[in-house]
Amino acid sequence: MFTRILTTTMITAVLALAPAAFGQQGDHSNHSEKQGSHAKMNAKAMGQAQTACPISGKPIDKKIYADYNGERVYFCCEDCKAAFKNDPAEVISKLKADGVKLEKVSMMQTKCPVMGGKIDKKLSAVHDGKKVYFCCPACKAKFEKDPAKYIEKMEAQGVKLEKVKKSE
Ligand SMILES: [Zn+2]
Ligand SMILES: [Zn+2]
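On to the overall build of the chain. Summing up its helical and strand segments, the chain has five helices and 10 strands in all. Here the chain holds 168 residues, and the buried ones make up 12% of them. Intrachain contacts of the chain at a sequence separation of at least 6 include 46% that bridge at least 24 residues.

As structure tokens, this is what we get:
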């Protein structure tokens, strides 16, 4: 008996609200609703900021992140960050497929652009006012045959090269 009364009351309430809601939508909301979905499409095309952890789907904690190839990925917890490190490239490509635009981070050069080895600060070359370090003399020689190509590659990965004033 109690259930029946409750149900009837609820139906009455819904019926009372429904005509008003439909009327509003028919007259005024239609136009703005179209605009809304259009704006949403644009946001996806342009890329939206990351809000969800790529591992768990929970909201991100801005204090927990990892940088990979000059891009920053945020997580909800340290466990997800650890999971990311198993296959970062895969996680990043999924984020991008979802229309997420990752934050670019610039990093100092730590790796040789030729061999990928750890740089030796005593081995460097300057091209176009930018200083590049290498792991060994052989890499420096290789770089000097096509410096622009290596610099372009490094900058595409988010490496910020030291600026040197031209002395000539
Ligand atoms: Zn997590
Ligand atoms: Zn080398």
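Past the structure itself, the notes keep going.
Soluble globular proteins: nonpolar side chains tend toward being buried together. By size, the foremost hydrophobic cluster in this structure holds nine residues: Cys112, Val132, Tyr133, Phe134, Cys139, Phe143, Tyr150, Val159 and Leu161. Every element with two or more residues in this core is listed here: strand S8 (130-134) and helix H4 (137-145). Looking at which element gives the most residues to this core, the answer is S8, with three residues. One finds Ile60, Cys80, Phe84 and Val91 within the second-largest nonpolar core, a separate group that totals eight residues.

It is worth spelling out the sheet that holds strand S5 (residues 103-104) at this point. Spatial strand order, S2-S3-S5: three strands in an open sheet with antiparallel pairing. In this open sheet, the two strands that pair with only one neighbour each are strand S2 (61-68) and S5. The pairing of S2 with strand S3 (residues 71-75) spans five bridges and is classified as antiparallel. Across the sheet, residue Tyr65 finds its bridge partner in S3, namely Tyr74.

What follows deals with the environment of Lys62. Following the sequence through the fold, Lys62 ends up in strand S2. Between the C-alpha atom of Lys62 and that of Thr51, which follows or precedes it by 11 residues, the distance is 9.4 Å.

One non-glycine residue, Asn69, lies in the positive phi region at around 50°. Within the element layout of this structure, Asn69 appears in the loop between S2 and S3.

So, on to the environment of Pro59. Within the secondary structure layout, Pro59 lies in the loop between strand S1 (48-49) and S2. Separated by 15 residues in the primary sequence, Pro59 and Tyr74 place their C-alpha atoms 9.3 Å from one another. Dropping the residues within four chain positions of it, Pro59 is found in contact with Thr51, Ala52 and Cys76.

Below, the discussion takes up the pairing of S8. Pairing geometry for strand S7 (residues 120-127) and S8, over five bridges, is antiparallel. Residue His127 lies in a different strand from S8, and its bridge partner there is Lys130. Between S7 and S8, which pair antiparallel one after the other, the connecting turn spans two residues, and Asp128 there sits at a positive phi close to 60°. Where S8 lies against strand S10 (residues 162-163), two bridges are found, and the strand directions are antiparallel. Residue pairing in the sheet places Lys131 in a bridge with Glu162 of S10.

Definitions and cut-offs
Residues numbered from 1 in each chain as written. Chains lettered and ligands numbered in written order. Predicted model: local features only at pLDDT ≥ 70, side-chain atom pairs only at ≥ 80, totals over all residues. Helix = DSSP H or I, 4+ residues; strand = E, 2+ residues; numbered from the N terminus. Buried ≥ 20, exposed ≤ 12 C-beta atoms within 10 Å, placed from the backbone. Contact = placed C-beta atoms within 7 Å. Core = buried A, V, L, I, M, F, W, Y, C linked by C-beta atoms within 7 Å. Pairing = 2+ DSSP bridges.

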